[in-house]
Amino acid sequence: RDLVRSRGLGDVYKRQVILSIAMPLQLGVYCDDRLHESIVSEQKTSEVLASLIIELLERYPIEQILYTYGPGSFMAIKLTYIILKTIEIVRGVEFVGVDAFAFNANRPIKALGNLYFIKAGEEILTQKFDQTIEQTFHLPQSISHLRSCDNKPLYIIPAI
């Protein structure tokens, strides 16, 4: 199995965060808004995400799941949304979206070719870059600063 890191931070687990828009796939369990456990996987989202979510739901009393609803890999966003919508219907676990810029220090996010998504204030735009920009996303140690919105995927596709 992939890297699993744990720390003891109490016994009340309320939230799970899923970063599925870029590799590696990352899931975190938060206790009182502080990171308690994280799972990082290099496997394809389509092959492992559902089983990892179910495993964490069976181990912890998760009340809410936050996921990166965009921008980023449209296929990963769609897949994550479908899995989470199914879990919401079957298990009653609420899920909400958080924009991906919250997990990469507001750096540009790959769109297509040499186009990247950038955040200008509250607006998300596309911009061309001549050089490839490294795509690194991290689970934060605390999620108290995150702003969530509805759970619908954020699809921003530039005109071709």
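A short tour of the structure in this document, coming up. (Residues numbered from 1 in each chain as written. Predicted model: local features only at pLDDT ≥ 70, side-chain atom pairs only at ≥ 80, totals over all residues. Heavy atoms only, no water.)

### Considering the side chain of E37
Piece 1. Take E37: it is sitting in strand 4 (residues 34–41).
Piece 2. We classify E37 as buried; its relative accessible area is 2%.
Piece 3. For E37, the side chain forms a polar contact with the side chain of R59, separated by 2.5 Å. (Helix = DSSP H or I, 4+ residues; strand = E, 2+ residues; numbered from the N terminus. Buried < 20%, exposed > 50% of the residue type's maximum accessible area, 1.4 Å probe, protein only. Polar contact = N/O pair within 3.5 Å; in protein donor to acceptor, adjacent residues only side chain to side chain.)

### Observations regarding the layout of surface pockets
Piece 1. Estimated volume of the largest pocket: approximately 280 Å³.
Piece 2. Lining the largest pocket are 14 residues, with D99, A102, K119, E122 and R147 positioned closest to its centre. (1 Å grid on protein atoms, 1.4 Å probe; cavity = no way out; pocket = protein on both sides within 12 Å on 5 of 7 lines; lining within 4 Å. Points joined across faces, edges and corners; volume = space filled by probe spheres on them.)

### Description of the nonpolar core
Piece 1. Counting residues in each nonpolar core, the largest one holds 44 residues, and the members touching the most others are V17, I18, L27, I53, I65 and F137.
Piece 2. At the level of elements, strand 2 (15–19), strand 3 (25–31), strand 4, helix 1 (45–59), strand 5 (64–70), helix 2 (74–91) and strand 6 (94–99) are the ones that each hand at least two residues to this core.
Piece 3. In contact with I53, other than residues within four places in its own chain, are Q16, I18, L27, I65, I83, L84 and I87. (Core = buried A, V, L, I, M, F, W, Y, C linked by side-chain atoms within 4.5 Å. Contact = heavy atoms within 4.5 Å.)

### Overview of unusual backbone geometry
Piece 1. With omega at 0°, the peptide bond leading from M23 into P24 counts as cis.
Piece 2. Residues G70 and P71 are joined by a peptide bond in cis, for which omega reads -10°.
Piece 3. Following the sequence through the fold, P71 ends up in the loop between strand 5 and helix 2.
Piece 4. One non-glycine residue with positive phi stands out, namely D32, at about 50°.
Piece 5. Assignment of secondary structure puts D32 in the loop between strand 3 and strand 4.

Read these as geometric descriptors, not functional statements.
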